[in-house]
Amino acid sequence: KRRRTQAAGDSGWDMISQRSAGGRPGSGPQLGTGRGTLRLRSRGPATVEDLPSAFEEKAIEKVDDLLESYMGIRDTELAATMVELGKDKRNPDELAEALDERLGDFAFPDEFVFDVWGAIGDAKVGRY
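Residues numbered from 1 in each chain as written. Predicted model: local features only at pLDDT ≥ 70, side-chain atom pairs only at ≥ 80, totals over all residues. Heavy atoms only, no water.

As recorded by an unreviewed UniProt entry, the protein carries the name GIPC PDZ domain containing family member 1 and is attributed to Homo sapiens.

Here's what the structure looks like:
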């Protein structure tokens with residue numbers, strides 16, 4: 001015989017809480033901008049990442065173009081990492097240090113780093 005684990009009249013739906021007042025989406029606590037992407041990883045937990053801003057999108061595109069012209073590769077994730085590392089740097093030397101620290105295996109030439117710095121700066125001020 002099968003044993004019943006729920007009390008009579010308990011359907012299991014009682015555990016689900018009611019909607020907040022108003023029941024409108026967005027009326028509860030804000031969880032983010034609503035612009036994000038779910039990144040599933042083969043190792044580790046899934047994460048939600050914010051989508052890049054318009055400036056970041058343009059900078060990533062320009063850095064990806066530079067990667068192709070200097071190294072013969074297209075890699076938007078590498079370009080995005082480079083933009084993330086460089087967007088708050090005040091000069092090309094700070095960018096070079098950040099790139100060496102995080103992406104030192106690539107051994108980017110100084111001329112390339114300077115061009116990346118320029119691409120990020122152009123995107124910041126809206127020069128596309």
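On we go.
**Notes on the packing of helix α2 (residues 76–86) against helix α4 (residues 110–125)**
Two numbers describe how α2 lies on α4: the axes approach to 10 Å, and their chain directions differ by 75 degrees. With respect to α4, the element α2 is oriented roughly perpendicular. Taken together, the residues of α4 that come into contact with α2 (itself represented by Met82, Val83 and Gly86) are Phe112, Val116, Trp117, Ile120 and Lys124. Counted by class, the contact of α2 with α4 contains six nonpolar, one polar and one charged residues. (Axes fitted to C-alpha atoms, helices over the stretch in contact; angles between N-to-C directions. Helix = DSSP H or I, 4+ residues; strand = E, 2+ residues; numbered from the N terminus. Parallel < 35°, antiparallel > 145°, perpendicular 65-115°, else oblique. Contact = heavy atoms within 4.5 Å. Nonpolar A, V, L, I, M, F, W, Y, C, P; charged D, E, K, R; others polar.)

**Notes on the packing of α2 against helix α3 (residues 92–103)**
Remark: α2 packs on α3, axes separated minimally by 9 Å, with the N-to-C direction vectors making an angle of 130 degrees. The orientation of α2 relative to α3 falls into the category oblique. As for how α2 packs across α3, the hand of that crossing is right-handed. Side by side, α2 and α3 meet where Leu78, Thr81, Met82, Leu85 and Gly86 of the first sit next to Leu95, Ala98, Leu99, Arg102 and Leu103 of the second. (Left-handed = near helix turned anticlockwise from the far one by under 90°.)

**Thoughts on the nonpolar core**
Judged by nonpolar contacts, the single largest core of 24 residues is most densely connected at Val63, Met82, Leu99, Phe108 and Val116. When residues of this core are traced back to their parent elements, those giving at least two are α1 (54–71), α2, α3 and α4. Excluding anything up to four places from it in sequence, Phe108 contacts Leu67, Met71, Met82, Leu99, Leu103 and Val113. (Core = buried A, V, L, I, M, F, W, Y, C linked by side-chain atoms within 4.5 Å. Buried < 20%, exposed > 50% of the residue type's maximum accessible area, 1.4 Å probe, protein only.)

**Remarks on α1**
Between its first and last C-alpha, α1 extends 25 Å over 18 residues, near the 26 Å set by a 1.5 Å rise per residue. Listing the buried residues of α1 in full gives Phe55, Glu56, Ala59, Ile60, Lys62, Val63, Asp64, Leu66 and Leu67. On its buried face, α1 sits against α2 and α4. Directly beyond the C-terminal end of α1, a positive phi value near 75 degrees is found at Gly72. (Expected span 1.5 Å × (residues − 1).)

**Notes on the side chain of Glu56**
By the element assignment, Glu56 lies in helix α1. For Glu56, a relative accessible area of 14% puts it in the buried group. Those residues in contact with Glu56 that lie beyond four places of it in its chain are Val83, Glu84 and Lys87.

**As for α3**
The end-to-end C-alpha distance of α3 is 15 Å, a good match for the 16 Å that 12 residues give at a rise of 1.5 Å each. Among the residues making up α3, those that are buried are Leu95, Ala96, Ala98, Leu99 and Leu103. Buried residues of α3, seen end-on, are gathered within an arc of 165 degrees and therefore sit on one face of the element. Residues of α3 that are exposed and point over 90 degrees away from its buried face: Asp93, Glu97, Asp100 and Glu101. Of the surrounding elements, those touching the buried residues of α3 are α2 and α4. By the N-cap criterion, in which a side-chain oxygen at the helix start approaches the backbone nitrogen of a residue two or three places on, α3 is capped by Asn91, the distance to Asp93 being 3.1 Å. (Arc of directions from axis to C-beta. Polar contact = N/O pair within 3.5 Å; in protein donor to acceptor, adjacent residues only side chain to side chain.)

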